[in-house]
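Here is what each chain is made of, one letter per residue.
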Amino acid sequence: MATALTFKDFAGQKAMWCPGCGDFAVLRALQEACARLALPPHRIVLVSGIGCSGKITSYFSSYGFHVHHGRTLPIATGIALANRDLAVIAAGGDGDGYGIGLNHLIHAIRRDVDLTYVVMDNGVYGNTKGQTSPTTVAGTITPSSPSGAVEEPVHPLRLALAAGITYLAQGVSSDVPQLVRLIAGGIEHRGFALINVLSPCPTYDRLRTYQWWRARLVNLDEEPSYRPDSRELAVEAVSSRDASIVGLVYRAPGRPFQSRLPRFRPSPLASERLAPDGERARRILDARYAV
Amino acid sequence: MATALTFKDFAGQKAMWCPGCGDFAVLRALQEACARLALPPHRIVLVSGIGCSGKITSYFSSYGFHVHHGRTLPIATGIALANRDLAVIAAGGDGDGYGIGLNHLIHAIRRDVDLTYVVMDNGVYGNTKGQTSPTTVAGTITPSSPSGAVEEPVHPLRLALAAGITYLAQGVSSDVPQLVRLIAGGIEHRGFALINVLSPCPTYDRLRTYQWWRARLVNLDEEPSYRPDSRELAVEAVSSRDASIVGLVYRAPGRPFQSRLPRFRPSPLASERLAPDGERARRILDARYAV
Amino acid sequence: MGRDRAWLIGGRTGEGVDSAGDVFARAAARCGLEVHTFRLFPPIIKGGPTSYEVRMAERPLYARSDALDCVIALDDETVARHAPALRPGGLLVVDDPRVTARPGTAPDVAVWPAPLTALAREAGDGIMRNIVALGVSARLLGLDRAVLQETVRERFAGKGAQVCARNVAAVDAGWRHAEAHPDRWPPLGTAGGARGADARGAPCRMRYLLSGNDAIALGALAAGCRLYASYPITPASDVLEWMAEHLPEVGGAAFQTEDEIAALGIVLGAGYAGVRAMTATSGPGLSLMTETLGLAGMAEIPAVIVAAQRPGPSAGMPTKHEQSDLLHIVFASHGEFPRIVLAPGTLEECFLDTALAFNLAERYQCPVIVAADQDLVLKKRTVTGLPVEEVRIDRGERLSDDEAAALGRAYRRYALTPSGISPRAVPGQPGAVFLSSGDAHDDRGVIDVEDPAVRRAMVDKRLRKTRAVWADVSGTRVEGDGDLLVVSLGSPCGPVREALARLARDGVRARFLQVRCLWPFPTHEIGPEVARARRVAVVEHNATGQLATLVLAQVGGHGKIAGVRKYDGLPFTPGEVEGRLREIIGGDGRIDRLAAEVRRCSSHDSGAS
Amino acid sequence: MGRDRAWLIGGRTGEGVDSAGDVFARAAARCGLEVHTFRLFPPIIKGGPTSYEVRMAERPLYARSDALDCVIALDDETVARHAPALRPGGLLVVDDPRVTARPGTAPDVAVWPAPLTALAREAGDGIMRNIVALGVSARLLGLDRAVLQETVRERFAGKGAQVCARNVAAVDAGWRHAEAHPDRWPPLGTAGGARGADARGAPCRMRYLLSGNDAIALGALAAGCRLYASYPITPASDVLEWMAEHLPEVGGAAFQTEDEIAALGIVLGAGYAGVRAMTATSGPGLSLMTETLGLAGMAEIPAVIVAAQRPGPSAGMPTKHEQSDLLHIVFASHGEFPRIVLAPGTLEECFLDTALAFNLAERYQCPVIVAADQDLVLKKRTVTGLPVEEVRIDRGERLSDDEAAALGRAYRRYALTPSGISPRAVPGQPGAVFLSSGDAHDDRGVIDVEDPAVRRAMVDKRLRKTRAVWADVSGTRVEGDGDLLVVSLGSPCGPVREALARLARDGVRARFLQVRCLWPFPTHEIGPEVARARRVAVVEHNATGQLATLVLAQVGGHGKIAGVRKYDGLPFTPGEVEGRLREIIGGDGRIDRLAAEVRRCSSHDSGAS
Ligand SMILES: Cc1ncc(C[n+]2csc(CCOP(=O)(O)OP(=O)(O)O)c2C)c(N)n1
Ligand SMILES: Cc1ncc(C[n+]2csc(CCOP(=O)(O)OP(=O)(O)O)c2C)c(N)n1
Ligand code: SF4
Ligand code: SF4
Ligand SMILES: [Mg+2]
Ligand SMILES: [Mg+2]
């Protein structure tokens, strides 16, 4: 790679999100982050779920796998194990990740699989036309909650910390430079990284606009006293200040699954040249089963 | 009910757990708790999952539904909505609840469905013969982790708090009287109650015996300074002291789903006498669809 | 057959194409016309190509049109996509005067540029060009101006008087502009039809314009459904939204779950506890429900599932049409248990089948699936009345509280009765406490019983239950007569009926068998029909002939069954079906092709030579 | 047929029945005998009734025995359950001297009380009564004492010298006690057979005793499987445990996931990225995987799934046997896509099919399911050699790095080739980056393409892929000749073969067709066979005739197919199959029954009259 990469090297098809959709910023930030890390497109796999957010694989140029709803993380885990040389990035919506797919998230976190997960959290089911999502504010009127949502929202940052995450960040679509830093940091992190992005859906969510967030958000990255390596501060920040924080919330040394699996091949399994292994089978047969 | 109930009124079939299994204590505590609350068997529905723990529905006498693996909570939610007069108790193993079924748990908690969930947490998959479970201590050698479990365990108490639970307790099979209190408290609580029971599996887990727990456990119920109504203390207790606490960890006023659903019938839906409602259909037709 | 006109408006999602189509359809219906709509929309919220077809006639319509009379193109892509479907003599109205018709468009199609955006701007806002287009269209097609204006007024009533007035003005601007255009069609319908009498003079109070989803939701409500849990998915989300609005009115609840597994689990919990509950989904959700379905089978829990098919596999084409989940619906889940699969083909059947499903689920204590499809549930149609009075409630064999108390521990929840159906108790009833389980169990519900004879008896008991279902369900609906038997189910029945009517006009006689219950398979009804027929054409929306596979397995007919299949995401038009049927009956020259189809039909995936 | 003896030990789970059975089977094998085992165990970890049957002979055995020669009853329930299966002249050894045989036991079965517990106590610990029983058994059945002692020594080697010695002493105590008993059977096998030569003098280095699960795991390893992810479930957990032990040896990994959805998801991720991966499960897990299966179909991802069936629906009977997931395996998941379903019927086939599955998955870029069953995967059998040298690796059409780089953006991942198979690139290869999706897509992988022609072409392309599969796969294995065609698959093939051999001895000729590939259905191979046969018996372990349904749908044969079905949780014995086949061929008096079976077969659930 003689010439430096720019975000344009990661340009896929023309993005078909609604005008003003927060996901444009996420796409741009992901492109910038990959350029900054000088990751060529063929060394990246972007795995996305189903939803408006999930279309990101069409708009980003790299190896892409647009999977079924809620299952980005198992698929990404399989890829990350198959080829340790790839940068594996999973991306999807709040419904995808915190609704149908939440169990995989908790377990991917405790495995500390070395991959990066970007959630485009718009607080609605955009692609199915505006129903409540797990992060919808209670009381919000949506097509599936015409009298107002009755459930308390999930708190992704709290859950991720409780699950033992080693890289946790929150960004907002109005601040692309910060997003770039947070995503790039996640990709560099050896272990599981979650970047929750507050990404407005102007079509179906009139409440949480860019302005709304701007009025509420506290940027941890700019707080001199905040130290993202402190679990206590992180627990305190997500408990008391909740969703209204952006920045790097927590980072600890990763203990990636890939490195903890016993005798796991350090070079990519995918580049092994397979030959029939009758001999090994025979050895095991003789040792275990011979009569 | 003229005569007081005793645990014998809840005796089902002879329990076929291994000698020494911690689940005997859970069964007994559940029976005592129901007796103490004077809940007749026909007003209780016990929903259990698949596993050694899940057999509890056979050994307890009440309406019982032994469902598929990991799905106690959706089923119990359906029952709890169908008949608000019933005491709905879900029970299962750590694999059932924190492995395959964890997503339902987080969402049941945020809905604050009015039901009681008792997890028999033995740190193994007992019924499939001893594989790792989500609460297995990292490093443990099991049939599915012959070089030692590589994953960090999940922390059910932390996750439940992060999800916004309103009644959270942990007990241990060696202390039935405390278990009775915790379970009875959970049943009385209006909202979602989780009682995690450290329930040894002497057959497949040689580490976490009754003695092992005894040496480690701190009983919050006996700590004068502990106040289960303090979220901060609870967060602190589960973060720093982790799994080594027993007692009532947290209790807040419930905001049960059943009471928050708009215009939801206060008396049991199940006792409504249905008649064909052509007239209502006609009214809606006329109002919405007439041309 | 009377006048029959098809109008289409096309543009981009987010531009008001849908709401224009809806208003136009409603206005046409109010003019006394029978209306049938068809939307073609992308899984892109804003900016994707979309269109809305309204077919209008003075007789009931069950299918989209083979060809269009008038196309309103708000953009270029609409011209490319839909102008070729214009009939000779049709009219293409374009907003952009530079647009011309494309190759493939009939030669005498007229292109008429109308400055929709400019007129809308004059009326107050350029975004109203869709409404201007309605004014133009009404004038051209001869619909009543006042009726259209009234419909527009109603539509925008919620948005304040000013918006409302502006939109009414936009209609007018369009109408007036179109007066410049030669009246191409004689007037359609009458204003008097609106709320007064329909084209045939019948009183209109009973005329409704609604979709299959609306009919399904109404059926559930009429049948006493009280809990509804589901996860959003196209095209079933409408039912969730409908139920969330109306179930609270009866003290029930409808809500969104974390996934489809939870949704069906909640339905089972409610069913077990004695409350009628339902979920609706599409392929991906149904696949996720597979395991839970089996629990309903084993534990004998009533459950109603609406499965609105769309093209698969996986996410497939979320907004398009297909019937490729039939074998999945019939055979999914490990193990063997009874299930009932109803297959509505019309709006009225959507209503009645959904209502019936609740009776069947409780009577046979098993899951009941209403197998619908995208076209069936999304398209709106006018109906004259809905048979709401025909809804009956039968909750199956239940123990009374006294019986339950008297039986006490002697109660056998899964008693081995001749019918296989065992009287139910529900939690809360004193005395008869029992265990239900997904594990194999004996007649009392006791699990871990390993006696082979018990296992056999319990399997037989469960499978025996639905033998008697034909007392409650018609397996088929058969019409007409002839050597050719046409078999179909679901939404294609509309185009098939229209195709057969056209063939009949040419003297070609055929018998039509609509499968109304897909499982248990109505072998006793279909067997004699297939035996009697010389040739059998199975019309279905999939590539592998799934309905044909069931017919072959259950009835036979190898050697005379030909498949008429479409799997490109679009519903059949009547003309397509007609053409394929003509090929099949088209004399000896076609026999080879027929044979090839038959071979494909009987071993579709095997690639056997 | 030579000598053939069946021994069974029964007691409670947790009492060492399993390990005694294992040791005995191994000792018998070492004595040069061919061995076939069958366990009957409950889903209760301790205290449930359990038994272990070892059948021994001097010829290969493929089925459990119709009757037993010797039963060691550690408890009463064993007597009740298994004494009735003792052959006339058989021997029942009981620990408790008060026990007598039950009604239903053959009259000349001898009951011999042997003080197993007392002898074990004398040898050092009462819990060794299972080992004492082995000493007794070896003496009675004429197995070599030294071989048994050596086997016991090996078994307990890990537990320290003292335990080891004690157990060897327990064998001896049993042996000596049994000397008091008249030798009932002539000696079986030879000590020299152990590690020396088998009964027929062949060198023994190549003789193994293993289970179907072992063979499956070995097949995967030999074929280059590198990642294995699964969720524990009976009877597939063995494979997880095996892989967790051996995959690290090749730098791979096997681990347990949070559920089966994740397990198959991981397999798909690995397959997409170019690594051979597998999961194994049973009914409930397979049902959960239904949606993910369709993603493999749509995105054309190689994946290998072992599906070991057990009685359903739902949790069913977790430790028992059935083949009632066949139609689920073939048809589950919404939408249409190619899948390959292999059906091994022997240990050797378990090994070869699993290895082959990886080639097929990569060559046809689709999911491959190895459809096994509880009996097949759990029973241990002796084999002489396993064809490990026959394993080949074919990774299908792949782009080289140079090709990928040269193509770059011009690469069409889903190119419309005549075979339907499009050359693959995998992530990491420079240049040819592409999108895979569960959404419908065009030949480049672009989604949201709504052109009906593209949809049709892509559906056809995918379905076309497996047409050529017969170049790599045999659809059937056909043996023998006669008017009666017997069709079966999976573990029942063992009892069927034995039954047919017995019939042949009586001069009854029949042709046996073992289905080796269940999907694509080998219509081209089965069609002519069914056409030629006068009667067809389909032998399968389910109630509704699922294999028969496939034959009827794909081939026909209504009117001559009869079902031989068993669904009580237990595998067929050869005698059961023999009896049912005799009924079917048993002359005119039986034709009515046959006809009834046929009717049932062709409309199993419909209850058609
Ligand atoms: C199993 C399954 N259920 C439902 C759907 C329908 N579906 C498509 S996108 C979506 C929700 C999307 O919400 P979110 O994940 O928040 O993404 P967004 O569109 O808001 O970016 C749903 C429910 C599906 N594709 N698969
Ligand atoms: C979908 C599904 N997968 C797997 C199984 C097999 N299974 C039965 S019990 C069990 C685990 C039990 O572990 P846990 O929930 O901790 O209960 P325990 O036996 O330890 O009480 C599993 C995996 C199943 N029944 N269903
Ligand atoms: S609907 Fe919302 S999330 Fe989807 S593209 Fe539009 S703005 Fe973005
Ligand atoms: S295996 Fe463990 S959990 Fe299961 S019954 Fe035995 S002791 Fe209890
Ligand atoms: Mg969203
Ligand atoms: Mg457990």
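Bear in mind that the values here come from a model prediction, so they are computed numbers and not experimental data. (Residues numbered from 1 in each chain as written. Chains lettered and ligands numbered in written order. Predicted model: local features only at pLDDT ≥ 70, side-chain atom pairs only at ≥ 80, totals over all residues. Heavy atoms only, no water.)

Of the regular secondary structure elements, chain C holds 21 helices and 21 strands. A compact globule built from 609 residues would reach a C-alpha radius of gyration of about 25 Å, and chain C, at 26 Å, matches this within 12%. For chain C, the C-alpha atoms occupy an extent of roughly 85 × 65 × 45 Å along the three principal directions. A buried classification covers 70% of the 609 residues belonging to chain C. Relative to all contacts within chain C whose residues are 6 or more apart in sequence, the contacts with residues 24 or more apart total 75%. When the 71 positive and 74 negative side-chain charges of chain C are each reduced to one mean point, those points stand 2 Å apart. (Helix = DSSP H or I, 4+ residues; strand = E, 2+ residues; numbered from the N terminus. Rg over C-alpha atoms; globule rule 2.2 N^0.38 Å. Buried < 20%, exposed > 50% of the residue type's maximum accessible area, 1.4 Å probe, protein only. Contact = heavy atoms within 4.5 Å. Lys, Arg positive; Asp, Glu negative; His and termini not counted. Charge placed at Lys NZ, Arg CZ, Asp CG, Glu CD.)

Geometrically, a metal with four donors at the corners of a regular tetrahedron has ideal angles of 109.5 degrees, and one with six donors at the corners of a regular octahedron has ideal angles of 90 or 180 degrees. Residues and elements named next belong to chain B. Around the magnesium ion (ligand 6), the protein contributes the donor atoms Asp94 (OD), Asn122 (OD1) and Val124 (O), which lie 2.0 to 2.2 Å from the metal centre. Each donor residue of the magnesium ion (ligand 6) lies on one chain, and together they are spaced D-x27-N-x1-V. Like asparagine 122, the residue valine 124 is buried in the burial classification. (Donors = N, O, S within 2.8 Å, 3.2 Å for Na, K, Ca; no water.)

Next up on the list: the sheet that holds strand E7 (residues 167–172) of chain A. If you trace the nine strands from one edge of the open sheet to the other, you get E9(A)-E10(A)-E7(A)-E8(A)-E4(A)-E3(A)-E1(A)-E2(A)-E15(D), paired in mixed fashion. Each end of this open sheet is capped by a strand with a single partner; those strands are strand E9 (218–219) of chain A together with strand E15 (435–437) of chain D. Across six bridges, E7 of chain A lies against strand E8 (residues 192–198) of chain A in parallel orientation. Paired with glutamine 170 of chain A across the bridge in E8 of chain A is asparagine 196 of chain A. Across the sheet, helix H9 (residues 260–272) of chain D lies against strand E1 (44–48) and strand E2 (63–66) of chain A together with E15 of chain D, angled at about 150 degrees from E2 of chain A, the strand it touches most. (Pairing = 2+ DSSP bridges. Axes fitted to C-alpha atoms, helices over the stretch in contact; angles between N-to-C directions.)

Further remarks concern the site of ligand 1. Around ligand 1, the structure places 23 residues, and the nearest of them are Cys52, Ser53, Asp94 and Asp96 of chain A together with Glu260 of chain C. Residues within reach of ligand 1 are spread across chains A, C and D. Contact distances for ligand 1 include 2.8 Å between an oxygen atom and a side-chain N or O atom of serine 53 of chain A. At 2.9 Å from an oxygen atom of ligand 1 is found a main-chain nitrogen or oxygen belonging to asparagine 127 of chain A. Alone, ligand 1 offers 590 Å² of accessible surface; in the complex the protein occludes 98% of this. Broken down by secondary-structure element, the contributors of at least two residues to the shell around ligand 1 are helix H4 (94–100) and strand E5 (124–125) of chain A together with helix H10 (283–288) of chain C. (Near = heavy atom within 4 Å. Polar contact = N/O pair within 3.5 Å; in protein donor to acceptor, adjacent residues only side chain to side chain. Areas by Shrake-Rupley, 256 points an atom, 1.4 Å probe, with all protein chains shown as cover.)

Moving on, we get to the pattern of salt bridges. Summed over the entire model, instances satisfying the criterion amount to 122 salt bridges over all chains. Of the charged contacts, one joins glutamate 151 of chain A and arginine 111 of chain B as a salt bridge, the two residues approaching to 2.5 Å between their closest N and O atoms. With one member in each of two chains, glutamate 151 of chain A in the loop between strand E6 (131–132) and helix H6 (156–162) and arginine 111 of chain B in helix H5 (residues 102–111) form a pair that bridges those chains. Glutamate 151 of chain A sits in the buried class, given a relative accessible area of 10%. We classify arginine 111 of chain B as buried; its relative accessible area is 3%. Linking arginine 139 of chain C and glutamate 179 of chain C is a salt bridge whose minimum nitrogen-to-oxygen distance equals 3.8 Å. Linking arginine 139 of chain C in helix H4 (residues 129–141) with glutamate 179 of chain C in helix H6 (residues 161–179), this pair joins segments that are 40 residues apart in sequence. Here the residues in one salt-bridge network are Asp4, Arg55, Arg59, Asp66, Glu498, Arg502, Asp506, Glu578 and Arg582 of chain C, joined through shared partners. (Salt bridge = Lys/Arg side-chain N within 4 Å of Asp/Glu carboxyl O.)

It is worth spelling out the domain arrangement of chain C at this point. With domains assigned, chain C is organised as domain 1 (5–205), domain 2 (210–390), domain 3 (401–468) and domain 4 (476–596). The distance between the C-alpha centroids of domain 3 of chain C and domain 4 of chain C comes to 42 Å. (Domains from an automatic or database assignment.)

Another point: the environment of tyrosine 364 of chain C. Residue and element names in this part refer to chain C. Its place among the elements puts tyrosine 364 in helix H13 (residues 347–364). Between the C-alpha atoms of tyrosine 364 and proline 235, which are 129 residues apart in sequence, the distance is 28 Å. Discounting chain neighbours no more than four positions away, the residues touching tyrosine 364 are Ile340, Ile421, Lys465, Thr466, Ala468, Val469 and Asp472. A distance of 2.5 Å separates the side chain of tyrosine 364 from the side chain of aspartate 472, its partner in a polar contact.

As a further point, take the packing of helix H7 (residues 212–222) of chain C against H13 of chain C. Residues and elements named next belong to chain C. As a packed pair, H7 and H13 sit with axes 7 Å apart at the nearest point and diverge in direction by 30 degrees. On the basis of their axis angle, the class for H7 and H13 is roughly parallel. Considering only the axes of H7 and H13, their crossing is right-handed. Where H7 approaches H13, its residues Gly212, Ala215, Ile216, Leu218, Gly219, Ala220 and Ala222 are matched on the opposing element by Leu347, Cys350, Phe351, Thr354, Ala355 and Phe358. Residue classes in the contact of H7 with H13 are distributed as 10 nonpolar, three polar and no charged. (Parallel < 35°, antiparallel > 145°, perpendicular 65-115°, else oblique. Left-handed = near helix turned anticlockwise from the far one by under 90°. Nonpolar A, V, L, I, M, F, W, Y, C, P; charged D, E, K, R; others polar.)

Moving on, we get to the interface of chain C and chain D. Facing the 79 residues of chain C at the interface are 79 residues of chain D. For the pairing of chain C and chain D, the buried interface totals around 6600 Å² over both sides, and the portion due to carbon and sulfur atoms is 55%. The three residues of chain C that bury the most area against chain D are His334, Glu336 and Glu450 of chain C, which together make up 12% of that side's buried surface. Summed over the shared surface of chain C and chain D, the number is eight salt bridges. Where glutamate 322 of chain D meets arginine 455 of chain C, a salt bridge forms, and the shortest distance between an N and an O atom there is 2.8 Å. For the pair chain C and chain D, the number of links is 40 residue pairs in polar contact (both at pLDDT 80 or more). Elements supplying a minimum of two residues to the side of chain C that touches chain D: H10, helix H11 (290–299), helix H12 (326–331), helix H16 (452–464), helix H18 (523–532) and helix H19 (546–554) of chain C. Among the elements that make up the side of chain C that touches chain D, the one with the highest residue count is H16 of chain C (six residues). Grouping the amino acids of the side of chain C that touches chain D by side-chain chemistry returns 33 nonpolar, 31 polar and 15 charged. (Buried area = accessible area lost by both parts, 1.4 Å probe.)

The interface is formed by 57 residues belonging to chain B together with 75 residues belonging to chain C. Across the chain B/chain C interface, buried area totals approximately 5500 Å², and carbon plus sulfur atoms make up 61% of it. At the boundary of chain B with chain C, the tally comes to five salt bridges. A salt bridge links glutamate 245 of chain C to arginine 288 of chain B; the nearest nitrogen and oxygen atoms lie 3.6 Å apart. Inspection of the region where chain B meets chain C yields 28 residue pairs in polar contact (both at pLDDT 80 or more). Mapped onto the side of chain B that touches chain C, the elements with two or more residues apiece are helix H2 (56–59), strand E2 (63–66), helix H3 (72–82), H5 and helix H11 (278–289) of chain B. No other element matches the nine residues that H11 of chain B contributes to the side of chain B that touches chain C.

Our next topic: the coordination of the magnesium ion (ligand 5). Residue and element names in this part refer to chain A. Within the protein, Asp94 (OD), Asn122 (OD1) and Val124 (O) serve as the donor atoms for the magnesium ion (ligand 5), at 2.0 to 2.2 Å. Along the chain, the residues donating to the magnesium ion (ligand 5) fall in the pattern D-x27-N-x1-V. Given a relative accessible area of 5%, valine 124 falls into the buried group.

This paragraph deals with the side chain of glutamate 260 of chain C. On the secondary structure map, glutamate 260 of chain C appears in helix H9 (residues 260–272). Buried charge glutamate 260 of chain C goes without a salt bridge, the closest partner of opposite sign being arginine 71 of chain A at 6.3 Å. Sequence-distant contacts of glutamate 260 of chain C, defined by excluding residues within four places in its chain, comprise Ile100 of chain A together with Tyr231, Ile233, Thr281, Gly285, Leu288 and Met289 of chain C.

This part covers the site of ligand 3. Every residue near ligand 3 is listed here: Trp17, Cys18, Cys21, Cys52, Asn122, Cys201, Pro202, Thr203 and Tyr204 of chain A together with Ile45 of chain C. In terms of residue class, the shell around ligand 3 is made up of eight nonpolar, two polar and no charged.

Take the relation of the copies chain C and chain D next. Note on the identical chains: chain C maps onto chain D by a rotation of 180 degrees and an axial translation of 0.0 Å, with an RMSD of 0.0 Å. Here the symmetry operator amounts to a two-fold rotation axis. The rotation axis passes nearest to the C-alpha of alanine 553 of chain C in chain C, at a distance of 1.9 Å. A shared binding surface is used by both copies, with 100% of the interface residues of chain C retained as interface residues in chain D. (Least-squares fit on C-alpha atoms with pLDDT ≥ 70 in both.)

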